[in-house]
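Below, each chain spelled out in residue letters.
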Amino acid sequence: MHRPKRSFNMMTWLLAALLGTFAVSGTASAQRVEGDRAAAVGLYAAEIPVRSQGESEREAGFARALAQVLGKLSGDRNAAQRPGVSQELRRAAQYVEGYDYRQDEGVSSRGSPTFTTTLVVRFRQDDVDAVAGALGLPVWPDPRPKPVMWLAIDDGSGPRLVALQQNNVARPTLQRAIERGFRLGLPTGNAAEQAAVGAIWRGDTASVARISARYNPPMQLIGKLYRDGAGWKADWIFVDGGRVLARWSETGADARRTLASGADGAADALTRRYARTSPAGAPSTQAIVFSGINSGADYIKLSAQLQRMSVVRGIRPVRATPIGLEIELDLLTGLTGFRRMADENVLVEADGNIEGVTPVFHLR
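Remember, it's a predicted structure, so these values are computed and weren't measured experimentally.

How each quantity is defined
Residues numbered from 1 in each chain as written. Predicted model: local features only at pLDDT ≥ 70, side-chain atom pairs only at ≥ 80, totals over all residues. Heavy atoms only, no water. Core = buried A, V, L, I, M, F, W, Y, C linked by side-chain atoms within 4.5 Å. Buried < 20%, exposed > 50% of the residue type's maximum accessible area, 1.4 Å probe, protein only. Helix = DSSP H or I, 4+ residues; strand = E, 2+ residues; numbered from the N terminus. Contact = heavy atoms within 4.5 Å. Axes fitted to C-alpha atoms, helices over the stretch in contact; angles between N-to-C directions. Parallel < 35°, antiparallel > 145°, perpendicular 65-115°, else oblique. Left-handed = near helix turned anticlockwise from the far one by under 90°. Nonpolar A, V, L, I, M, F, W, Y, C, P; charged D, E, K, R; others polar. Expected span 1.5 Å × (residues − 1). Polar contact = N/O pair within 3.5 Å; in protein donor to acceptor, adjacent residues only side chain to side chain. Salt bridge = Lys/Arg side-chain N within 4 Å of Asp/Glu carboxyl O. Pairing = 2+ DSSP bridges. Phe/Tyr/Trp six-rings, centres within 6.5 Å; stacked < 30°, edge-to-face > 60°.

Draft legend 1. The nonpolar core, seen in detail. Ranked by internal contacts, the top residues of the largest apolar core, which has 54 residues, are Leu70, Phe123, Phe290, Leu306, Leu329 and Phe338. Per-element accounting of this core gives the leading share, eight residues, to helix H2 (residues 55–74). Those residues in contact with Leu306, other than ones at most four positions away along the chain, are Phe290, Val312, Ile315, Ile327, Leu329 and Phe338. If you look at the next biggest cluster of nonpolar residues, it comprises 26 residues, including Leu174, Ala177, Leu184 and Ala269.

Take a look at the structure:
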């Protein structure tokens, strides 16, 4: 690889310089897409309620949307709390492919009309995949299953099956499943299925699995919602191929939020079984030589670039060499993660780097 002429004396001077903090700002130029009704489609899109269409509210919405997308991609509802993710959320706008707004009208618990502004965000798949891979997030692969939800509700007049015709009742669970990156189906509600409400209420997983045999895949989310004092309680069981993967319960004053817990438990059970560990490396300390640093401005540019990389947790200049400036980096996912996150417009790995030998990256 061709490298420009370097000044060893300049390298020595740069090594003596104190590493400072240099802020780098960037904005995504999001193209608004017009349509009859904007909606998030696929793993790399999200819908976020916002208070207005102002810029600051939109920027915050981008961060929440990226957190949701990383959660869908990994299956981890706490993906936003993983190391390095918060730094990426702060620059979520850089990964936005496009966005739009939607006005939703609803009804409050008291029956009065409500109006909500929803920000619909679409992210570039390659960028999100690179972030997830570099940070070592697990990957929940496609295609994803669509379990059948067997839900019975007793509001005081006896348990009743929630079938396809009553999909609005199950909407909180169905929508939460989409937010977690998968979908749930509902039974058609024929006479035999209506009669299975007793098995659902008893938690008879074998009987429910038999009546669910006509649906694919052989997965069932079995739940019952009932009054619990002044609030509600939901008991859930998730079954995969006849095997119970998880049981959990949720209580709350709002029946809709209590219902949504079914999708969370199902997603957690599915990802524990099917999500793959990321091939990113383990945390490590790695020495790297950076060439192409011939001025103070070059050093500032390198420092800013390294501080922008969420896989870089610590920076320590070591020594100046005839090749370049050697810096020791604390890396969240090792050299593998660093390579994935390095911006090729700024840092290019030298040809001929050998495993076990300090790698060289050229600053453009």
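Draft legend 2. The packing of H2 against helix H4 (residues 125–135), seen in detail. The contact between H2 and H4 brings their axes to 11 Å, and the two run at 70 degrees. For the element pair H2 / H4, the angle class is roughly perpendicular. H2 and H4 meet at a crossing whose hand is right-handed. Touching Leu66, Val69, Leu70 and Leu73 of H2 are Val128, Asp129 and Ala132, all from H4. Grouping the constituent residues of the contact of H2 with H4 by class yields six nonpolar, no polar and one charged.

Draft legend 3. Geometry of helix H9 (residues 255–274). For H9, spanning 20 residues, the distance from its first C-alpha to its last is 30 Å, which sits close to the expected 28 Å at 1.5 Å a residue. The element H9 is extensively covered by neighbouring structure, given that 14 of its 20 residues are classed as buried. The N-cap residue of H9 is Asp254: its side-chain oxygen and the backbone nitrogen of Arg256 are 2.8 Å apart.

Draft legend 4. Structural context of the pattern of salt bridges. Tallied over the entire structure, the rule returns 23 salt bridges. We note a salt bridge from Glu57 to Arg51, for which the minimum N-O separation is 3.2 Å. Classification of Arg51 by relative accessible area gives exposed; the value is 75%.

Draft legend 5. Structural context of the packing of H4 against helix H11 (residues 334–341). Contact pair H4 / H11: the axes reach a minimum separation of 8 Å and the direction vectors enclose 165 degrees. Between H4 and H11, the interaxial angle falls into the category roughly antiparallel. In this structure, the crossing between H4 and H11 has a hand that is left-handed. Contacts between H4 and H11 involve Ala130, Val131, Gly133, Ala134 and Leu135 from the first element and Gly337, Arg340 and Met341 from the second. When its residues are assigned to classes, the contact of H4 with H11 shows five nonpolar, two polar and one charged.

Draft legend 6. Quick look at the sheet that holds strand S11 (residues 312–320). One open sheet accounts for five strands, arranged S11-S12-S10-S14-S13; its pairing is mixed. On the outer flanks of this sheet lie S11 and strand S13 (347–349), each paired with one strand and no other. Between one strand axis and the next, the sheet turns through 35 degrees on average, direction left out of account. Strand direction decides the pairing type here: S11 and strand S12 (residues 325–331), joined by seven bridges, are antiparallel. Bridged to Ile315 within S12 is Leu329. Running over the sheet, H11 touches strand S10 (284–291), S11, S12, S13 and strand S14 (360–363) and is turned about 45 degrees from S10.

Draft legend 7. The packing of aromatic side chains, seen in detail. For the coordinates displayed, the defined rule picks out eight aromatic pairs. Feature note: the residues Phe62, Tyr99 and Tyr101 constitute an aromatic cluster, connected by ring pairs.

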